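Chains, contacts and geometry: an overview
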Amino acid sequence: MSWRNIFLAGGALLLLSACDEDNPSMRDYVTVTTSEKEVSFDLYANIEDVQPLEVILQSEREARVMYSWFKVTDNQNDIVCYQGEISGKGELSLPCRFTEEQFASDFPKHTMTTNRYYCRASVLLGDEEETFQSDTIAMHPSLPEGILQVWVYTENGEEPTCEFVDAPAEAMNSFSITNATKIPGRVCLKAHNTVVYDSGDYVVNESGMTFKIRGNTSAALAKKPYKIKLQRKADLLDRGEQYADKDWVLLGSGTDLKTYIGLKVSSYAGFEWVPSMAFCNLIVNDEYRGLYILTEQIERDKNCRISIDKEGYLIEYDAYWWNEELSFENAVYNSKLRWTFKYPAPSEITDEQLAYIRHYIHLCEEAVSLQGEYEKLIDVKSFANWLLVHDVLGFSDGAGSNLYFSKNDMGDSPLKMETPWDFDSMFRNSESWSSIHQRAWFWYPDLLSGINPSFRNVYKQTWWTLCDKISQNLWVDIAKDLNEEELEYSRVLDGKRWDVCNQFLLTEIEETKAWIDRQNAYLSVAIENI
C-alpha cells in the first residue's frame, strides 16, 4: 500500500424527480450523482493526490452549469470553498479543486479532524434554470486500520507540561522532570475501524483518565513519552478483564524494534512477568503525534503485573534517586546510584520497613563482595537472566536498563531481579560484553569473578537455553506479531510528522538478525571462558 493512496468509500446519491411524459421538466433530462459519500486520504498526501470531491451531472441536452462547493460549519453559515462553471451535454464532472492554500487552511498539518462538504449547482437548459444540491460528503485523513489507534482528548484541549531539573553533583550528570501536569480527559482505542475501548469523559474515580508527560531525558524530545492513568481499571491491550489496570505508558520509541525485541528476549529468559505492548498511532486532540508503543507500567499488581505480597517490596537501583521522595545509599559499593521505592509508596513506608530493606541490601552486598554464600539472599537465576539479556542485546548503558528488584516479604524470601526496562542502548556493544557486565557500578563483576561459582554456573547454563530460544522463536514471532505493511506505512507517517527519516522495517529486521548472529557467536566462545 503506497502512502499516497486515496481510499474512497460509500454509495451514490441520485437526485431525480419522477418523469411526467406530458409535461417534461429539466429533471427529466438531468440527474446529479455524488460519486463518494466518504473520502479518506493520507494525512501527508501531496495536494495533487487529494482531489476526490466530485459530482457527476448527466444531461441529454446542452447545459450550462454554475456550481459552488460549501464547507459545513457548526453555526450553519456554510463557507463557499470553490466556485466554477462548465457547459456541455452528456456526463459533466463538477470537481472541487482545492488550491494548496485552501487545503492547508482546511486541514492544517497533522490534523485528524473530519470536514464535510456539499455541492450546489445551478443548471441552465435554454431559458429554464433549476438548482440541484448533492448529498454531504465527509472528508478526513486516514491512518492504517491494522495498527492500534490511541485517541486522547484532554479537557479544553490543554497540553500537559513539565519542568526540568538538573542532577546534583553527587549524582550522575543528567536531568529529569518535575511538576508534570496531569490533564484530565478521555481516551479511545480503535482497531480495524472499531472502537475497542472508550474511557468516557473524566469523572473522578468513575470514568476518563489523566494524561501527563513521563520519563527523564526523553521528556526533552519533541516526541514526548506519556503516561495514561485511568479512573477505572481496564486492559487497553484487549486481552481480558484479568489484565485490567489503571496505569499505562506511551513510549515514543515506536519507530524501531528495540523495545519489542528487548521484551521478547526477556520473556524467553524466563522472567515471571514481562510487560505486554502494542505498536499504536497516537492522536492527541485530533493532532497526529506519531507511532508509539502502548505498554504496561512496571508496578506491583498481584493479579496481572509484578506479584508481591502486601508486606513485600518493589525497589529500584536508580540513577534518578535525587528526584524521588525517598532513597538510601549502598553500604558497600561506591556508586552514584541509590535505592528508591516503587512499593510501598515512599509516603506510606514505615520506619521498620525502611530499616529492614536497608539492612537486607547491606547483607546482600557483603555476601557478594566478600565471595560469601549469597544463594539464600538473592534469586541467582533472575540475576543471571537479567545480565544475559543485556549481554545478548549489547547494552551500552553502564547502569544497564532500569534495575528493578522485588522481595516478597520481610522474611526468608530472596531478593529477585525483575524484567529489564528501557531498551534505548541496545545493539551498541557489538561482539563484546554489555557495559554493566564489566563495570563495578553493580554486583556483577564480583558475581562473575568470585570464589563462589554459583552465579557463573547458572549464567552458563541459562545462556545455552536462551540462545536456542532466540534462534528458534524470535524471527517466527516477528513474522507472526507484526503487520509489516501497515507498520511500515506508520513509520513513514511518523517520519513526516517529525521530519525524520525512519529506517525501513525490513531493513531493520535483516540488520538486527545479522547483529544478533554475530553477538551469539562471540558469546558462545566468551561465556565458556568465564
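Predicted model, so just to flag it, every value in this text is computed and none were measured.

**Topic: the overall build of the protein**
Within the protein one finds 9 helices and 24 strands. A compact globule built from 530 residues should have a C-alpha radius of gyration of about 24 Å, whereas the protein, at 30 Å, is more than 25% larger. Taking all 530 residues of the protein together, the buried fraction comes to 53%. A separation threshold of at least 6 residues defines the contact pool for the protein, and within that pool the share at least 24 residues apart is 67%. For the protein, the accessible area works out to roughly 24000 Å², and carbon and sulfur atoms hold 45% of it. Charge centroids of the protein, computed over 50 positive and 84 negative side chains, lie 5 Å from each other.

**Here we look at the sheet that holds strand E21 (residues 327-328)**
Spatial strand order, E21-E22-E20-E23-E24: 5 strands in an open sheet with antiparallel pairing. Each end of this open sheet is capped by a strand with a single partner; those strands are E21 and strand E24 (416-417). Across 2 bridges, strand E23 (residues 403-407) lies against E24 in antiparallel orientation. Note that in E24 the partner of serine 406 across the bridge is lysine 416. Strands strand E20 (313-318), E21, strand E22 (338-343) and E23 of the sheet are contacted by helix H3 (residues 351-369), whose axis makes an angle of about 60° with E20.

**Details of unusual backbone geometry**
Cis geometry is adopted by the peptide bond preceding proline 344, which originates at tyrosine 343 and carries an omega value of -5°. Looking at the secondary structure, you find proline 344 in the loop between E22 and H3. Despite not being glycine, glutamine 76 has its phi angle at roughly 70°, a positive value. If you trace the backbone, glutamine 76 turns up in the loop between strand E5 (54-71) and strand E6 (79-95). Overall, the relative accessible area of 70% leaves glutamine 76 in the exposed class. For asparagine 156, which is not a glycine, the phi torsion comes out positive at approximately 60°. Mapped onto the elements of the fold, asparagine 156 is located in the loop between strand E10 (148-154) and strand E11 (163-166). On the basis of relative accessible area, asparagine 156 is assigned to the exposed category, the value being 81%.

**Some thoughts on the pairing of strand E9 (residues 137-142)**
Among the 6 residues that make up E9, 6 are buried, leaving the element largely enclosed by the rest of the structure. Here 5 bridges tie strand E4 (residues 38-42) to E9, and the two strands are oriented parallel to one another. Within the sheet, the bridge partner assigned to valine 39 lies in E9 and is methionine 139.

The rules behind each value
- Residues numbered from 1 in each chain as written.
- Predicted model: local features only at pLDDT ≥ 70, side-chain atom pairs only at ≥ 80, totals over all residues.
- Heavy atoms only, no water.
- Helix = DSSP H or I, 4+ residues; strand = E, 2+ residues; numbered from the N terminus.
- Rg over C-alpha atoms; globule rule 2.2 N^0.38 Å.
- Buried < 20%, exposed > 50% of the residue type's maximum accessible area, 1.4 Å probe, protein only.
- Contact = heavy atoms within 4.5 Å.
- Areas by Shrake-Rupley, 256 points an atom, 1.4 Å probe, with all protein chains shown as cover.
- Lys, Arg positive; Asp, Glu negative; His and termini not counted.
- Charge placed at Lys NZ, Arg CZ, Asp CG, Glu CD.
- Pairing = 2+ DSSP bridges.
- Axes fitted to C-alpha atoms, helices over the stretch in contact; angles between N-to-C directions.

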